[in-house]
Amino acid sequence: MVDKIDLKLLSLLQKDCTLSLNQLADAVNLTTTPCWKRIKRLEDDGIICGKVALLDGDKLGLSLTAFVLIKTQHHNSEWYQRFVQQVEAFPEVLSFYRMAGEYDYLLQVQVSDMKSYDNFYKRLVNGIPGLNDVTSSFAMERIKSTTALPI
């Protein structure tokens, strides 16, 4: 069960997971031991599922964001498992969703430029049989991007 103190800890950690245990404990009016136990429980329960550094793609030369919509006629379990395995192996794919609606899958892809995207696209469509409609849209400007859940 997640209570108000847990939600406050989660909110703080979403903004900055480098906060010290003392800083977190002070912020939620606990001593360090019960604060640590709460964080450990949130990790054990899978609510906190990782701690990462967020990187600036532009500064690393990865400034092209593409959203790839895919339609397929294949929906059996064997094809799906093979498809998921192949897409997960592409390091350029940041997010991968199975969709309801007109398209079956959505990928968010991050690459350096259009040539890099074209190389990715060719590997995708040539490496995975059964993709009958692959449509790409390219982000012109990132207006909002966050990893923080609205808790």
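What counts and how
- Residues numbered from 1 in each chain as written.
- Predicted model: local features only at pLDDT ≥ 70, side-chain atom pairs only at ≥ 80, totals over all residues.
- Heavy atoms only, no water.
- Helix = DSSP H or I, 4+ residues; strand = E, 2+ residues; numbered from the N terminus.
- Rg over C-alpha atoms; globule rule 2.2 N^0.38 Å.
- Buried < 20%, exposed > 50% of the residue type's maximum accessible area, 1.4 Å probe, protein only.
- Contact = heavy atoms within 4.5 Å.
- Lys, Arg positive; Asp, Glu negative; His and termini not counted.
- Charge placed at Lys NZ, Arg CZ, Asp CG, Glu CD.
- UniProt positions renumbered as here; feature names shortened; annotations may be inferred.
- Salt bridge = Lys/Arg side-chain N within 4 Å of Asp/Glu carboxyl O.

In the annotation of an unreviewed UniProt entry, the entry for the protein chain reads Lrp/AsnC family transcriptional regulator, and the organism field reads Rahnella ecdela.

For the rest of this paragraph, the subject is the overall build of the protein chain. A count of helices and strands for the protein chain gives five helices and four strands. Taken from N to C terminus, the helices and strands of the protein chain fall in the order α-α-α-β-α-β-β-α-β. Its C-alpha atoms give the protein chain a radius of gyration of 20 Å, more than 25% over the compact-globule value 15 Å for 151 residues. By residue count, 27% of the 151 residues in the protein chain fall in the buried class. By sequence separation, contacts in the protein chain at least 24 residues apart represent 64% of the contacts at least 6 residues apart. Once the 17 positive and 18 negative side-chain charges of the protein chain are each reduced to a mean point, those two points are 4 Å apart.

Under the local residue numbering, the UniProt record ascribes the feature "domain: HTH asnC-type" (unreviewed entry) to residues 2-63. Between the first and last C-alpha atoms of residues 2-63 the distance is 38 Å; the span itself is 52% helix and 0% strand.

Counted under the stated rule, the structure contains nine salt bridges. A salt bridge links R38 to D3; the nearest nitrogen and oxygen atoms lie 2.9 Å apart. Taken as a pair, R38 in helix α3 (residues 32-44) and D3 in the segment before α1 (4-15) lie far apart in primary sequence, 35 residues in all. Classification of D3 as partly exposed rests on a relative accessible area of 32%. Measuring nitrogen to oxygen at the nearest pair gives 3.5 Å for the salt bridge that ties K71 to E102. With K71 in strand β1 (residues 64-72) and E102 in the loop between β2 (93-98) and β3 (105-111), this pair connects stretches of sequence that are 31 residues apart. Taking the relative accessible area as the measure of exposure, K71 reaches 22% and is therefore partly exposed. Exposure remark for E102: the relative accessible area of 59% places this residue in the exposed category.

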